[in-house]
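# Chains, contacts and geometry: an overview
Here are the chains, one letter per residue:
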Amino acid sequence: MIDLRYVKKLIEMLDGSTVDSIEISSDKGMKLRISKSPQQRAAVAMAPAIAAPMAAPAVLPPAAPARPAEDGGMAAPKAEAPKSAALEIKSPMVGTFYSAPEPGAKPYVSVGDRIRKGQIVCIIEAMKIMNELESEFDGVVREINVSDASAVEYGQVLFRIDPTG
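Below is a summary of the structure that appears in this document. Only a predicted model underlies this, so the values are computations on that prediction, with no experimental measurement involved.

### Some thoughts on the overall build of the protein
- Secondary structure assignment for the protein yields 4 helices and 10 strands.
- Along the protein, helices and strands appear, N-terminal first, in the series α-β-β-α-α-α-β-β-β-β-β-β-β-β.
- Out of the 165 residues in the protein, the part that is buried amounts to 32%.
- Across the protein, contacts joining residues at least 24 apart in sequence account for 55% of those joining residues at least 6 apart.

### Overview of the sheet that holds strand 3 (residues 87–90)
- One open sheet accounts for 4 strands, arranged 3-10-8-5; its pairing is antiparallel. Here the strands that pair on one side only, and so sit at the sheet edges, are strand 3 and strand 5 (114–115).
- With 4 bridges joining them, strand 8 (residues 139–144) and strand 10 (residues 157–162) adopt antiparallel strand pairing. Considered in strand 10, the bridge of Val141 is made with Ile161.

### Overview of the nonpolar core
- Core analysis: the largest hydrophobic core is formed by 18 residues, its most contacted members being Ile89, Phe97, Val121, Cys122, Leu158 and Phe159.
- For this core, the secondary structure elements donating two or more residues are strand 6 (120–126) and strand 10.
- Ranked by the residues each element gives to this core, the list is headed by strand 6, at 4 residues.
- Apart from the residues lying within four places of it in its own chain, the contact partners of Phe159 are Leu87, Glu88, Ile89, Phe97, Val109, Val121, Cys122, Val141, Glu143, Ile144 and Asn145.
- Judged by nonpolar contacts, the second largest core, of 6 residues, contains Val7, Leu10, Ile11 and Leu14.

### Notes on the sheet that holds strand 6
- In spatial order, the strands read 7-6-4-9; together these 4 strands make up an open sheet with antiparallel pairing. Looking at the sheet topology across the chains shown, the edges are occupied by strand 7 (129–134) and strand 9 (150–152). Taking each pair of neighbouring strands and ignoring which way they run, the sheet shows an average axis angle of 40°.

### So, the packing of aromatic side chains
- This model, assessed by the stated rule, comprises 1 aromatic pair.
- Consider the rings of Phe97 and Phe159, whose centres lie 6.0 Å apart with planes at 55°: the pair is tilted. Of the two residues, Phe97 sits in strand 4 (residues 95–98) while Phe159 sits in strand 10, which places them 62 residues apart along the sequence.

### Description of the pattern of salt bridges
- With the rule as written, the count across this model stands at 4 salt bridges.
- Linking Arg142 and Asp162 is a salt bridge whose minimum nitrogen-to-oxygen distance equals 3.4 Å. You can see Arg142 sitting in strand 8 and its partner Asp162 sitting in strand 10, a full 20 residues away along the chain.
- Judged by relative accessible area, Arg142 falls into the partly exposed class, the value being 42%.
- Where Arg160 meets Glu143, a salt bridge forms, and the shortest distance between an N and an O atom there is 3.1 Å. Of this pair, Arg160 sits in strand 10 while Glu143 is found in strand 8, placing the two residues 17 residues apart along the sequence.
- Assessed through its relative accessible area of 26%, Glu143 is described here as partly exposed.
- Linked by salt bridges that have partners in common, Glu88, Lys90, Glu143 and Arg160 make up one network.

The rules behind these values
- Residues numbered from 1 in each chain as written.
- Predicted model: local features only at pLDDT ≥ 70, side-chain atom pairs only at ≥ 80, totals over all residues.
- Heavy atoms only, no water.
- Helix = DSSP H or I, 4+ residues; strand = E, 2+ residues; numbered from the N terminus.
- Buried < 20%, exposed > 50% of the residue type's maximum accessible area, 1.4 Å probe, protein only.
- Contact = heavy atoms within 4.5 Å.
- Pairing = 2+ DSSP bridges.
- Core = buried A, V, L, I, M, F, W, Y, C linked by side-chain atoms within 4.5 Å.
- Axes fitted to C-alpha atoms, helices over the stretch in contact; angles between N-to-C directions.
- Phe/Tyr/Trp six-rings, centres within 6.5 Å; stacked < 30°, edge-to-face > 60°.
- Salt bridge = Lys/Arg side-chain N within 4 Å of Asp/Glu carboxyl O.

Shown next, in the form of structure tokens:
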């Protein structure tokens, strides 16, 4: 299994360098390729897509001003306050989301569950490798934004966690 911290470090190093892509092979036959160029991203299962997380927040603010015009301006700030306080667990890679360790098993987490930093919250399958995703903080699961066995993108919000819950 690939250590997600190792992959994140590789992505950060690649982003801060002039190198366009990197490919690593292990003696066990496992290969990992990370690329910055958009032409290669379609063929690569784990793409850094550093611009994607920056583009996602830009989409949310235009939607928020549309609501105050419809709701009279008072309801929207109340609706946004909990979302801004919630912490997000995002997908570190492109792959398939699995909420449980195997089909038919109990999910790792459910809405309302208290989680701790380092606790496994799901599995992301990428390139036939099952990658366990750990929480980066403590809190209560308020939203699960992905259904089981669905495709996820790099930077996609999987869970919203209430740190005070």
